[in-house]
Amino acid sequence: MPKDVYVDQDECTSCGQCADNLPEVFAMDDDDLAYVVDGGNTAAGEDAIQEEIDQCPGECIHWKE
Ligand code: SF4
């Protein structure tokens, strides 16, 4: 089972980095806040998603426990 990832939009700085790097997983909504696209949890490997988690300046991308 792939792990689920989510964005805590309260902390998102709207930098767009995750959507630029991994558009199959992340996109920006009308308020310029990142979200996980439908099916995004399985669209990329855990390592690629973990990289975005580690690089996110808002530290607001998390795995669901
Ligand atoms: S990298 Fe982090 S702060 Fe930047 S848009 Fe994505 S979720 Fe928001």
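So, about the overall build of the protein chain. Broken down by element type, the protein chain carries three helices and four strands. Along the protein chain, from the amino end to the carboxyl end, the secondary structure elements read β-α-β-β-α-α-β. The burial tally for the protein chain puts 38% of its 65 residues in the buried class. Within the protein chain, residue pairs in contact and separated by at least 24 positions form 55% of the contacts whose partners lie at least 6 positions apart.

Residues E46, D47, E51 and D54 make up a contiguous surface patch of negative charge. Along the chain, E46 turns up in helix α3 (residues 46–55).

Turning our attention to the site of the ligand. The local shell around the ligand holds 14 residues, among which C12, C15, G16, C18 and C56 are the closest. Split into classes, the residues belonging to the shell around the ligand amount to ten nonpolar, four polar and no charged.

To continue, consider α3. Those residues of α3 lying buried are I49, E52 and I53. The buried residues of α3 all sit within an arc of 105° when viewed along its axis, so they share a single face. Away from its buried face, by an angle of more than 90 degrees, α3 presents the exposed residues D47 and D54. As for α3, its buried residues are in contact with β1 (5–7), α1 (17–21), β2 (26–28), α2 (40–43) and β4 (61–63).

A word on unusual backbone geometry. One non-glycine residue with positive phi stands out, namely S14, at about 65°. With respect to the secondary-structure elements, S14 resides in the loop between β1 and α1. Phi is positive for D32, which is not a glycine, with a value near 65°. Among the secondary structure elements, D32 is positioned in the loop between β2 and β3 (34–36).

The rules behind the values
In every chain, residue numbers begin from 1 and rise along the written sequence. Residue-level local features of this predicted model are given only where pLDDT is at least 70; pairs of side-chain atoms are given and counted only at 80 or more, and the full residue set underlies all totals for whole chains, interfaces and linings. Computation of side-chain values: all heavy atoms of the structure, hydrogens and water removed. Working definition: helices are DSSP H or I runs of at least four residues, strands are E runs of at least two. Numbering for both runs from the N terminus. Each residue gets one of three labels from its accessible area relative to the maximum for its type: buried under 20%, exposed over 50%, partly exposed in between, using a 1.4 Å probe on protein chains only. Note on contacts: a residue pair qualifies if any of its non-hydrogen atoms lie within 4.5 Å across the two residues. Nonpolar side chains (Val, Leu, Ile, Met, Phe, Trp, Tyr) within 5 Å and like charges within 9 Å form the patches, drawn only from residues with over 30% relative accessible area and no salt bridge. Per-residue and other accessible areas were derived by the Shrake-Rupley procedure at a 1.4 Å probe size, with only the shown protein chains allowed to occlude residues. In the sections that follow, a salt bridge refers to a side-chain nitrogen of Lys or Arg positioned within 4 Å of a carboxyl oxygen of Asp or Glu. All tallies of charge rest on Lys and Arg as positive and Asp and Glu as negative; His and the ends of each chain are not included. For the purpose of locating charges, the reference atoms are NZ of Lys, CZ of Arg, CG of Asp and CD of Glu. Throughout, near means a residue has at least one heavy atom within 4 Å of the molecule or strand. Ten residue types, Ala, Val, Leu, Ile, Met, Phe, Trp, Tyr, Cys and Pro, are classed as nonpolar, four, Asp, Glu, Lys and Arg, as charged, and the remainder, Gly among them, as polar. For this quantity, the arc is that covered by the directions from the helix axis to the C-beta atoms.

Everything listed is a geometric property; what it means functionally is a separate question.
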